[in-house]
Amino acid sequence: MMDKFTDWQDLKVAYTVAKLGTLSAAAEHLEIHHSTVLRRINSLEEALGTRLFHRHARGYQVTQAGEKLLTTASQIDERLMELSTSIVASDSQLRGKLLVTTVSGFMDMLSEPCLTFQQLHPQVQLEVILDQKRLRLDHGQAHVAVRAGPKPDEPDYIVQHLNTLEAGLYASSSYIKRMGSPRTLEALQAHYFVSGVAGFNARVPYFAWVDEHIPETQVTLRVSETSDASRAIVNGLGIGGLQHDVAKRYPDLQPVLRDELKWLSRVWLVTHVLVHRTAKVQALCDVLKRHFANLN
C-alpha cells in the first residue's frame with residue numbers, strides 16, 4: 001500500500017485527522033487551511049483507491065483500511081520524534097535552539113533566569129512554549145519543562161525539585177480605593193474575584209479555592225490563562241491569587257488577608273534522560289536552579 005503515494009504530507013495530514021477527529025481541529029493543529037486538509041485526505045484516498053475515513057456530522061472516523069495505514073503512520077511519527085530527541089542529545093555545543101515548556105503564569109518568574117541565560121550563552125536561542133497541556137519530552141516536543149503541582153512520574157524523566165512557592169490574595173490600589181480592603185474572611189462576601197475558566201488551570205490551588213468558597217455571583221471575571229488573571233488583578237477587576245514573588249513585581253498591588261489565606265505549589269524542573277546531560281540543557285538547568293533557590 002505504501003508505494004502507491006509519494007507525498008508524505010498527505011499521510012501526516014491523515015494521521016492528524018485520525019488523532020483529532022475533525023478537519024477543523026487538524027487544520028488548526030497543523031496551521032493550514034481547512035480546505036487543504038480536505039484536499040490532502042481526498043488525494044491520499046484517491047492514490048490508494050480506498051476510503052480511509054467514514055464522514056459523519058460529528059467528524060471523521062477511521063475505516064478498517066485506514067486503521068492499517070495510520071498504524072504505520074503512528075510508528076513513523078514515533079520514530080521521527082525519537083530521532084529528533086536523539087539528535088538533540090548528541091549536541092554538546094552551546095548554540096542553536098533550546099525548547100522550554102511551562103504554563104503562561106510562570107513567564108513572570110522565568111523572565112529573569114531567561115535573561116541571565118541569554119547573557120551567559122548568547123548563541124543559544126530559547127523558545128518558551130506556554131501551554132496548559134503537558135508536552136512530551138520523550139517525543140522532543142520540548143527539552144526542559146518547569147511544572148507545578150504533584151511530582152511528575154513519567155518514565156525516563158529526570159525530575160528535580162526547584163522550590164515550594166507560596167501564593168496569596170492580592171488587590172490593586174484602584175480596587176481597594178473603590179471597594180475597600182477586607183479585614184476578615186467574612187468580609188470577602190462583599191468583594192469581587194478574578195479566577196479561572198472551568199477546565200483550565202486545574203492545578204492552580206487558588207482557582208480551586210474560589211470554586212469551593214466564593215459564590216459565582218462574586219466572580220466577575222474568569223480567564224483561561226494565569227497570566228491573564230494577573231493582568232486583570234493588576235488592572236483592578238477584582239481580588240485574585242498570585243505567587244508572592246510575582247506580586248512583588250507590581251508595586252501597586254496590596255496583600256489581602258495574607259495570614260489567613262495562603263497556597264503552596266511545588267515547582268519541578270523536568271528533563272528527559274536522553275538530553276539531560278547535553279551542554280545546553282545542563283546550562284539552563286543550572287541557571288533555573290540558582291534562580292528558584294533564591295525565591296521566597
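These numbers were taken from a predicted model, which means no experiment stands behind them. (Residues numbered from 1 in each chain as written. Predicted model: local features only at pLDDT ≥ 70, side-chain atom pairs only at ≥ 80, totals over all residues. Heavy atoms only, no water.)

### A closer look at the environment of threonine 101
Now for step 1: Considering the arrangement of structural elements, one finds threonine 101 in strand β3 (residues 96-102).
Now for step 2: In this structure the C-alpha to C-alpha distance between threonine 101 and leucine 130, which are 29 residues apart in sequence, comes to 5.9 Å.
Now for step 3: The residues touching threonine 101, leaving out its near neighbours within four places in the chain, are Ile129, Leu135, Leu137, Ala142, Val144, Ala145 and Val146.
Now for step 4: Here the side chain of threonine 101 touches isoleucine 129 through a polar contact of 3.4 Å, landing on its backbone oxygen. (Helix = DSSP H or I, 4+ residues; strand = E, 2+ residues; numbered from the N terminus. Contact = heavy atoms within 4.5 Å. Polar contact = N/O pair within 3.5 Å; in protein donor to acceptor, adjacent residues only side chain to side chain.)

### Overview of the packing of aromatic side chains
Here the distance between the centres and the angle between the planes together describe a pair of aromatic rings.
Now for step 1: Scanning all chains against the criterion turns up six aromatic pairs.
Now for step 2: Each ring, one from phenylalanine 53 and one from tyrosine 60, has its centre 5.6 Å from the other, and the planes form 55°; the classification is tilted.
Now for step 3: Its relative accessible area of 0% is what places phenylalanine 53 among the buried residues.
Now for step 4: Look at tryptophan 209 and tryptophan 263: their rings are 5.5 Å apart centre to centre, the planes differ by 65°, and that puts the pair in the edge-to-face class. Of this pair, tryptophan 209 sits in helix α7 (residues 205-213) while tryptophan 263 is found in strand β11 (residues 263-272), placing the two residues 54 residues apart along the sequence. (Phe/Tyr/Trp six-rings, centres within 6.5 Å; stacked < 30°, edge-to-face > 60°. Buried < 20%, exposed > 50% of the residue type's maximum accessible area, 1.4 Å probe, protein only.)

### Let's talk about the pattern of salt bridges
Now for step 1: For the structure on display, the rule yields eight salt bridges.
Now for step 2: One salt bridge in this structure joins arginine 222 and aspartate 211, with 3.1 Å as the shortest N-O distance. Residue arginine 222 is located in strand β8 (residues 219-223), and its partner aspartate 211 is located in helix α7; the two are separated by eleven residues in the primary sequence.
Now for step 3: Here arginine 231 and aspartate 228 are joined by a salt bridge, their closest N and O atoms 2.3 Å apart. In this pair, arginine 231 and aspartate 228 both sit in helix α8 (residues 226-234), three residues apart, roughly one turn of the helix.
Now for step 4: Each of Asp211, Glu216 and Arg222 takes part in salt bridges that share partners, so that together they form one network. (Salt bridge = Lys/Arg side-chain N within 4 Å of Asp/Glu carboxyl O.)

### What about the nonpolar core?
Across soluble globular proteins, nonpolar side chains show a tendency to be buried alongside one another.
Now for step 1: Of all hydrophobic cores here, the largest spans 50 residues; its most connected members are Val146, Tyr206, Trp209, Leu288 and Phe292.
Now for step 2: Looking at this core, the element that brings in the most residues is helix α10 (residues 279-293), giving seven residues.
Now for step 3: Residue contacts for valine 146: discarding those within four places in its chain leaves Thr101, Thr102, Phe106, Leu110, Leu162, Val267, Trp268, Leu288 and Phe292.
Now for step 4: Val17, Leu23, Leu52 and Leu69 belong to the second-largest nonpolar core, a separate cluster that totals 20 residues. (Core = buried A, V, L, I, M, F, W, Y, C linked by side-chain atoms within 4.5 Å.)

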